[in-house]
Structure formats: C-alpha cells, structure tokens
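Chains, contacts and geometry: an overview
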Amino acid sequence: MATRTRSGLRTALLAPALALGATVGLASAPAQAAVWNSCDQWGNTTLNGYTLYNNIWGSGTGSQCIWANSGTNWGVSANHPNTGGIKSYPNAKKVVNKPITSLASLTSSYNVTVPSSGAYNTSYDIWDTGYKYEVMLWVNKTGAVGPLGSSQGSVTLGGSTWTVYKGNNGSNDVFSFIRSSNSSSGTVNILPILKWIKDTKGWFGNVTIGDVQFGYEITSSSGGLNFTTNSLTVSSS
C-alpha cells in the first residue's frame, strides 16, 4: 500500500518557486512541440486558468519531465525506479475558493492515455483552503498501489461507484474514493461527493474548497512511461 508524505506535497503546492532551479534526472520532453515543458523538480506554470506542476516530491526518484499544450492538454514522461513509495504527483490545478454550501455545481471531465505497466493511480486531489482535509478520487490504478486508511464500504455518487477509505497522515485527514473499475475518460460530479462527506458522514463541516487537482500519483515507471491528459475541464458555479 502506498502512502503519501503530505509535507512534501504541501511544499510543492504552497511554495514551488523555492526549488525552481532544481533539475531532476534526464527524462526527455515529448516529441511534439509543446507550449511549455520542464524537467525541474517543482517546475510549474499557469495556462488558461490551470496551474501545472511537475511535483516530484517523494524519495528515491528517477527522472520526470512535464509538457503542456494548454492547461487542459498536457502530459508527463517519467522514469522512476521499481521501488515502494510515491515518487511524484504531476498535476493540473484549478482554484475554486468557495464554501461547499455556496457551490451550485462542481464537475470535471477527463480523457487520459495511461500505460498498462508501472505502479500509479490517476486521481483528483481536492483540498480545502486550510489544507486540513484532502479528498482523493481515483479514476484508475495500475500495479501495487493502494489508498491510505481503512475501508468505509462502497457508495454510488457523482456518476460512479466507489470504495471509500478514511485515514490521516499526521498532517491532514484523507478521504479516498477508489472507482470500482478503471476509466480512461468520463465526467465526475464532484459536489455530491463533498456533500456526502459533509452532510451524511459529518467528516468535515462547511469547508471552503480551494484546489481541485487532477494528475498521476506515480510510484514506479521503470524504463520510462508516458502519461497523457488528452483533455480536462473543471467547472464550478
């Protein structure tokens, strides 16, 4: 089971500029000409309202480069060794900054091309503005990866059936929703999931939703694997 070191991720989220000069490995950028690419550990940019992060935050990492044609069409080439522990979470982030009760809708659509080998999950990572609560929505997974915490049973919400896990990593509560079957494209209605956590389970109150991230939590990609976000939208009102 893979677990995540929140301090590493929060550093990447809150202060990526601290390590912009650090280059990790020699992974190559994609063959196509991209608007932006970076092999820096905390490489980041903002394109059409989405912030992209290379976000190599784990230990024992290999090489990883991110490229983007836009904030919603981007990908990663990663070559991380076949060892335990999460190495990175390259992602695109959209900031919502609204309390749950002020949201009329929060939805996202995704279309990805992911490898059949390695160990990783494709997931949303949703945070409140205080980074006290984290909601993960795994839409697909491959290899020896698993969520933090203990199973809370299954629930059908937001257009899919999920197995729910509840845990704490020492820094924040983590609620993980693991899709019952792998999906490479679809639409997730996120707001009912947040309301279920708040109203049905009482695991948090009327928190303000800050970041909605979507990306690839990579544990291993030995030999070099490619992850491509063909399209992504995050919409709220």
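Treat the numbers as computed from the prediction; the structure is a model and nothing was measured.

1. Focus: the overall build of the protein chain
- Per the secondary structure count, the protein chain includes two helices and 15 strands.
- The burial tally for the protein chain puts 54% of its 237 residues in the buried class.
- A total accessible area of about 8900 Å² is found for the protein chain, and carbon and sulfur atoms account for 46% of it.

2. Re the packing of aromatic side chains
- A complete count under the given rule lists 15 aromatic pairs for this structure.
- Ring geometry for Phe-175 versus Phe-204: centroids 5.9 Å apart, planes at 70 degrees, classification edge-to-face. Taken together, the residues Phe-175 in strand E12 (residues 173-179) and Phe-204 in the loop between helix H2 (190-201) and strand E14 (208-220) connect sequence positions 29 residues apart. Phe-204 shares its class with Phe-175; the two are buried.
- Grouped by ring-pair contacts, the aromatic residues Trp-74, Tyr-110, Tyr-120, Tyr-124, Phe-214, Tyr-216 and Phe-227 constitute a single cluster.

3. Observations concerning the state of the cysteines
- In this structure the tally under the stated criterion is one disulfide.
- Residue pairing for Cys-39: its cysteine sulfur links by disulfide to Cys-65, the two sulfurs lying 1.8 Å apart. Around the S-S axis, the bridge from Cys-39 to Cys-65 shows a dihedral of about 105 degrees and counts as right-handed. With Cys-39 in the loop between strand E1 (36-38) and strand E2 (44-47) and Cys-65 in strand E4 (residues 63-70), this residue pair connects regions lying 26 residues apart in the sequence.
- Accessibility expressed as a relative area gives 21% for Cys-39, which makes it partly exposed.
- Since its relative accessible area comes to 2%, Cys-65 is described here as buried.

4. Comments concerning unusual backbone geometry
- Not every positive phi belongs to a glycine, and Asn-48 is a case in point at roughly 40 degrees.
- Following the sequence through the fold, Asn-48 ends up in the loop between E2 and strand E3 (50-53).
- Despite not being glycine, Asn-97 has its phi angle at roughly 60 degrees, a positive value.
- Tracing the chain through its elements places Asn-97 in strand E6 (residues 91-99).

5. What about empty space enclosed by the protein?
- Within the structure shown, the criterion is met by two cavities of 30 Å³ or more.
- The volume enclosed by the second largest cavity comes to roughly 40 Å³.
- Lining the second largest cavity are Ile-126, Trp-127, Asp-128, Tyr-133, Glu-134, Val-135, Phe-204, Val-207 and Ile-209.
- Residue assignment for the lining of the second largest cavity shows that the elements contributing at least two residues are strand E8 (119-128) and strand E9 (133-142).
- Class assignment for the residues of the lining of the second largest cavity results in seven nonpolar, no polar and two charged.

6. Section: the environment of Ser-221
- Tracing the chain through its elements places Ser-221 in the loop between E14 and strand E15 (225-236).
- Since its relative accessible area comes to 0%, Ser-221 is described here as buried.
- With 143 residues separating them along the chain, Ser-221 and Ala-78 place their C-alpha atoms 6.2 Å apart.
- Among all residues touching Ser-221, those that are not within four sequence positions of it are Ala-78, Asn-79 and His-80.
- Within the structure, the side chain of Ser-221 is placed 3.1 Å from the backbone oxygen of Ala-78, a separation counted as a polar contact.

What counts, and where the lines are drawn
Per chain, the residues get numbers from 1 upward, laid out in the order the sequence is written. pLDDT decides what is reported in this predicted model: residues at 70 or higher carry local features, side-chain atom pairs at 80 or more are listed and counted, and totals for whole chains, interfaces and linings draw on all residues regardless. To get the side-chain values, all heavy atoms of the structure are used, and hydrogens and water are removed first. We count a stretch as a helix when DSSP gives it H or I for four or more residues in a row; a strand needs E for two or more, and each element gets its number in order from the N terminus. Only protein chains enter the accessibility calculation, which uses a 1.4 Å probe; a residue whose area is less than 20% of its type maximum is buried, one above 50% is exposed, and one in between is partly exposed. In short, Shrake-Rupley with a 1.4 Å probe defines the accessible areas, and a residue's cover is counted only from the protein chains shown. Aromatic contacts are taken between Phe, Tyr and Trp rings whose centres are within 6.5 Å, Trp giving its six-membered ring; a plane angle under 30 degrees counts as stacked, one over 60 as edge-to-face, and the others as tilted. Cysteine sulfur atoms are paired as a disulfide whenever they come within 2.5 Å of each other. A cavity here means a set of points on a 1 Å grid, drawn over the protein atoms and nothing else, where a 1.4 Å probe fits but cannot get out; a pocket is an open set with protein on both sides within 12 Å along at least five of seven lines, and a residue lines either one if it has an atom within 4 Å of a point. Grid points are joined across faces, edges and corners, and a volume is the space filled by probe spheres set on the points. Amino acid classes used here: Ala, Val, Leu, Ile, Met, Phe, Trp, Tyr, Cys and Pro are nonpolar; Asp, Glu, Lys and Arg are charged; the rest, including Gly, are polar. Pairs of residues are marked as contacts when any of their non-hydrogen atoms sit within 4.5 Å. Polar contact is the term for a pair of N or O atoms within 3.5 Å; when the atoms are in protein, one must be able to donate a hydrogen and the other to accept it, and sequence-neighboring residues count only if both atoms are side-chain atoms.

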